[in-house]
Amino acid sequence: MPRSGSDGAAEPVSPLRHRSFVLMLLASAGTFSGFSLLLPVVPLWAVRQGAGAFTAGAATGIFMASTVLAQVGVPAFVRRYGYRAGLVLGAALIGLPSALLAVFPSPGAILALSFVRGLGFGLNTVCGSALIAELLPKGALGRGSGLYGLAVGVPQLIGLPAGTAIAENWGFGPVFVLATVLPVLAIVPLLGLPRTHQRTAEPGEGLGGIAEVVSATWRPWLPMLAVSTGYGALATFLPIVLSPTVAAVALLVAPAAAMLARWIAGHFGDRIAGPGRMLLPALAAGAIGLLVFAFLAERDGLDVVVVVAVALFGAGFGVVQNDALVVMFARTPAAQASVAWNVAFDAGQGLGAVAVGAVISATTAGAAFGMLGVAALALLPVAWKAGRAVAGSG
């Protein structure tokens, strides 16, 4: 229940006072640790086993494809089995096949295990973010989303570089063990969750239900897709476009800025701005960051400004993540909102890598990233209307 301040006004209770929500955060941190450790290591393992660059790239591609495939099926799964079952199964599918990578190093086995692990990741991403709305009251959704961003963001900041470092210095075995143990341990806090949480009504089945979800979420979905596309492009091509030192700094700055901005946005959105009000300035910040990066990336002597541009984009990306999810929660049931948000996130990253790669091969990196910046600017009216639509419905 809300606490009353000295002026008699109700003060929202912190999401951290909700036991089930905290258990979900702990479990999400464990499963994302297993995911993050192996994201750069599996392609490296494939190459070291003589599988070649194609298998290395295909392992990540198949992982993301199966992730999206699982995400689409999560609402039907949780209606029957509940969110707890989805998170437990997801953690098991992410963790247990990781140990098998060391036992079955053939190209076919690597791809098959990547597919299975992607299914687990899809279950966890949708169930985890949906439980923000299912477990917390409406006035705490922004802060809950920000805390969830920390729970899944910190493991990525640590795990992405740590996985490669461990593999290079101590061998692949310890990485596979960690990537197995951490998600399996995450099952322990999940056992403390209730079987299911489905407070919100579900839309109709079939094409009518899909059309209803699309109609409710397309405005926040497009800005989310735009910034996720930019993030996927930066993550893929920063090491190619920039010098190794500058690229390493930028690859740390972008996710750190996104994670911190998402957390701050959650607090600001719940207490002051309201859902959807930050989409417009955040998308503008992301677009400006991309355009500045496009203009300066291939010029010498401006490394600091380039990193600042990447940081600006990362901050915009983080705020859009938080606000888009809260807007979707306000417009459609939690499971459907989580699917829409996660598909935009994962599909956008793949789209960014493919689209920018194609444009760079024909023109320049500046033209490719400039294209993404202009596309984000073109969606500013959509972001503005998304915020107004939520305000009008409230």
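Residues numbered from 1 in each chain as written. Predicted model: local features only at pLDDT ≥ 70, side-chain atom pairs only at ≥ 80, totals over all residues. Heavy atoms only, no water.

**A short note on the overall build of the chain**
The helix and strand tally for the chain stands at 15 helices and two strands. Looking at the chain as shown, the accessible area adds up to about 16200 Å², and 71% of this sits on carbon and sulfur atoms. (Helix = DSSP H or I, 4+ residues; strand = E, 2+ residues; numbered from the N terminus. Areas by Shrake-Rupley, 256 points an atom, 1.4 Å probe, with all protein chains shown as cover.)

**Quick notes on the pattern of salt bridges**
If you walk through the whole model with that rule in mind, you get one salt bridge. A salt bridge links E168 to R48, with the shortest nitrogen-to-oxygen separation between them at 3.1 Å. Here the residue E168 occupies a position in helix α6 (residues 141-170), and R48 occupies one in helix α2 (residues 41-48), the gap between them amounting to 120 residues. By relative accessible area, which is 46% here, R48 ends up partly exposed. (Salt bridge = Lys/Arg side-chain N within 4 Å of Asp/Glu carboxyl O. Buried < 20%, exposed > 50% of the residue type's maximum accessible area, 1.4 Å probe, protein only.)

**What to know about the packing of helix α1 (residues 19-38) against helix α5 (residues 107-135)**
One way to put it is that α1 packs onto α5 with a least axis distance of 11 Å and a crossing angle of 155°. If you check the angle between α1 and α5, you find them roughly antiparallel. The chirality of how α1 crosses α5 is left-handed. Here S20, F21, M24, T31, F32, G34, F35 and L38 of α1 come into contact with α5, specifically with R117, F121, N124, T125, G128, L131, I132 and L135. (Axes fitted to C-alpha atoms, helices over the stretch in contact; angles between N-to-C directions. Parallel < 35°, antiparallel > 145°, perpendicular 65-115°, else oblique. Left-handed = near helix turned anticlockwise from the far one by under 90°. Contact = heavy atoms within 4.5 Å.)

**Looking at the confidence of the model for the chain**
Chain-level statistics for the chain give a pLDDT mean of 85 and a share of 88% at 70 or above. Taken as a whole, residues 1-10 scores under 50 in pLDDT and shows 13 contacts with residues more than four places along the chain or in a different chain. Segment residues 204-208: pLDDT under 50, and three contacts once partners within four positions in sequence are set aside and those in other chains are kept. (pLDDT = per-residue confidence, 0-100.)

**As for the nonpolar core**
Among the nonpolar cores identified, the biggest contains 92 residues, and I132, L242, L283, F293 and F369 are the most heavily contacted of them. The leading source of residues in this core is helix α12 (residues 303-331), at 13 residues. Setting aside residues up to four positions removed in sequence, I132 forms contacts with F21, M24, L141, G144, S145, Y148, L325 and F329. Counting residues in hydrophobic clusters, the runner-up holds 19 residues, among them A56, A59, V175 and A179. (Core = buried A, V, L, I, M, F, W, Y, C linked by side-chain atoms within 4.5 Å.)

**Concerning the packing of aromatic side chains**
Overall, the coordinates contain 14 aromatic pairs when judged by the stated rule. Ring geometry for F313 versus F317: centroids 6.0 Å apart, planes at 15°, classification stacked. Note that F313 and F317 are positioned in helix α12 at a spacing of four residues, about one turn of the helix. Classification of F313 as buried rests on a relative accessible area of 1%. Counting every residue linked through ring pairs, the aromatic cluster contains Y231, F313, F317, W341 and F345. (Phe/Tyr/Trp six-rings, centres within 6.5 Å; stacked < 30°, edge-to-face > 60°.)

**Topic: a nonpolar patch on the surface**
Together, I288, V292, L302, V304, V305, V308 and L312 make up a nonpolar patch on the protein surface, roughly 540 Å² of accessible area in all. Counting residues per element, the ones that place at least two in the nonpolar patch are α11 (279-296) and α12. Among the elements that take part in the nonpolar patch, α12 stands out by supplying four residues, more than any other. Locating L302 in the fold gives a position in the loop between α11 and α12. Owing to a relative accessible area of 31%, L302 belongs among the partly exposed residues under this scheme. (Patch = residues over 30% accessible without salt bridge, like charges linked within 9 Å, V, L, I, M, F, W, Y side chains within 5 Å.)

**Here we look at the side chain of R262**
Tracing the chain through its elements places R262 in helix α10 (residues 244-273). Once residues lying within four places of it in the same chain are set aside, the contact partners of R262 are S145, G146, Y148, G149, G318, V319, Q321, N322, L325 and W341.

**Let's talk about the layout of surface pockets**
Counted as a void, the largest pocket has a volume near 1400 Å³. As for the largest pocket, its lining consists of 43 residues, of which L39, L160, Y231, A235 and Q349 are closest to the centre. Every element with two or more residues in the lining of the largest pocket is listed here: α1, α3 (52-81), α5, α6, α9 (206-241), α10, α12 and α13 (334-362). Examining the composition of the lining of the largest pocket, we find that nine residues originate from one element, α6, more than from any other. Across the lining of the largest pocket, the residue classes tally to 28 nonpolar, 13 polar and two charged. (1 Å grid on protein atoms, 1.4 Å probe; cavity = no way out; pocket = protein on both sides within 12 Å on 5 of 7 lines; lining within 4 Å. Points joined across faces, edges and corners; volume = space filled by probe spheres on them. Nonpolar A, V, L, I, M, F, W, Y, C, P; charged D, E, K, R; others polar.)

**A short note on the environment of G95**
Here G95 is to be found in helix α4 (residues 83-103). C-alpha of G95 to C-alpha of A186: the two residues are 91 residues apart in sequence and 9.6 Å apart in space. Those residues within four positions of G95 in sequence are excluded, and the remaining contacts are A179, T180 and P183.

**Some remarks on the packing of α4 against α5**
At a closest axis distance of 8 Å, the pairing of α4 and α5 adopts a crossing angle of 150°. Classified by the angle between their axes, α4 and α5 sit roughly antiparallel to one another. When the axes of α4 and α5 are compared, the crossing they make is left-handed. Class assignment of the residues belonging to the contact of α4 with α5 gives a composition of 18 nonpolar, six polar and two charged.

**Re α6**
When the terminal C-alpha atoms of α6 are compared, their 42 Å separation across 30 residues agrees well with the 44 Å that a helix rising 1.5 Å per residue should span. Positive phi shows up at G171, right after α6, with a value of about 100°. (Expected span 1.5 Å × (residues − 1).)

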